[in-house]
Amino acid sequence: MIDALAGGRVHVSELARRLGLSRPLLYLHLDRLEKAGLVTGQLELAESGRAMKYYELVDFDLTITVDTVREALKGTTA
């Protein structure tokens, strides 16, 4: 997902097509990435009045430790 966003801002439907994921599953992952501060989502209105959600990467530097892995896994099942 990070690789798919590395080229710049992408509409969620296009991202779902690129990754071969359903939009509900994609939103689940994007929500976690957004909460982790790795991506940001922006809701925009198209000329047609349709709501369009775009995501893009946030510049980040990530250090993985035991604590960061434990924090990332909170609320998940084994």
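Fair warning: this is a prediction, and the values are worked out from it, not measured in the lab. (Residues numbered from 1 in each chain as written. Predicted model: local features only at pLDDT ≥ 70, side-chain atom pairs only at ≥ 80, totals over all residues. Heavy atoms only, no water.)

1. Some points on the environment of Glu-34
Step number 1: Among the structural elements, Glu-34 can be located in helix α3 (residues 23–35).
Step number 2: Classification of Glu-34 by relative accessible area gives partly exposed; the value is 28%.
Step number 3: Among all residues touching Glu-34, those that are not within four sequence positions of it are Val-39, Thr-40, Gly-41 and Tyr-55. (Helix = DSSP H or I, 4+ residues; strand = E, 2+ residues; numbered from the N terminus. Buried < 20%, exposed > 50% of the residue type's maximum accessible area, 1.4 Å probe, protein only. Contact = heavy atoms within 4.5 Å.)

2. Let's talk about the packing of aromatic side chains
Step number 1: Scanning all chains against the criterion turns up 0 aromatic pairs.
Step number 2: Positioned over the ring face of Tyr-54 is Arg-9, at 3.9 Å from the centre of the ring. (Phe/Tyr/Trp six-rings, centres within 6.5 Å; stacked < 30°, edge-to-face > 60°. Lys NZ or Arg CZ within 6 Å of the ring centre and 35° of its normal.)

3. Some remarks on a nonpolar patch on the surface
Step number 1: Judged by side-chain polarity, Ile-2, Phe-60, Leu-62, Ile-64, Val-69 and Leu-73 come together as a nonpolar surface patch covering roughly 550 Å² of accessible area.
Step number 2: Structurally, the position occupied by Phe-60 is in the loop between β3 (51–57) and α4 (66–73). (Patch = residues over 30% accessible without salt bridge, like charges linked within 9 Å, V, L, I, M, F, W, Y side chains within 5 Å. Areas by Shrake-Rupley, 256 points an atom, 1.4 Å probe, with all protein chains shown as cover. Salt bridge = Lys/Arg side-chain N within 4 Å of Asp/Glu carboxyl O.)

4. Quick look at the sheet that holds strand β2 (residues 39–45)
Step number 1: Taken in spatial order, the 3 strands make up an open sheet running β1-β3-β2, and their pairing is antiparallel. Only two strands of the sheet have a single partner each, and these edge strands are β1 (10–11) and β2.
Step number 2: Direction of pairing for β2 relative to β3: antiparallel, over a ladder of 7 bridges. Across the sheet, the residue bridging to Gln-42 is Tyr-54, located in β3.
Step number 3: Its contacts with the sheet put α3 on β2 and β3, and the angle it makes with β2 is roughly 120°. (Pairing = 2+ DSSP bridges. Axes fitted to C-alpha atoms, helices over the stretch in contact; angles between N-to-C directions.)

5. Let's talk about the environment of Ser-13
Step number 1: Examined against the element boundaries, Ser-13 turns out to sit in helix α2 (residues 12–19).
Step number 2: On the basis of relative accessibility, which here comes to 14%, the residue Ser-13 falls in the buried class.
Step number 3: Taking C-alpha positions, Ser-13 is 27 Å from Leu-62, a pair spaced 49 residues apart along the chain.

6. Brief notes about the packing of α2 against α3
Helix-helix packing: each pair is described by the crossing angle between the helix axes and the interaxial distance.
Step number 1: At a closest axis distance of 10 Å, the pairing of α2 and α3 adopts a crossing angle of 105°. Considering their axes alone, α2 and α3 lie roughly perpendicular with respect to each other. Judged by residue contacts, Val-12, Ser-13, Leu-15, Ala-16 and Leu-19 of α2 engage Arg-23, Leu-26, Tyr-27 and Leu-30 from α3.
Step number 2: Looking at the contact of α2 with α3 residue by residue, the class counts come to 7 nonpolar, 1 polar and 1 charged. (Parallel < 35°, antiparallel > 145°, perpendicular 65-115°, else oblique. Nonpolar A, V, L, I, M, F, W, Y, C, P; charged D, E, K, R; others polar.)

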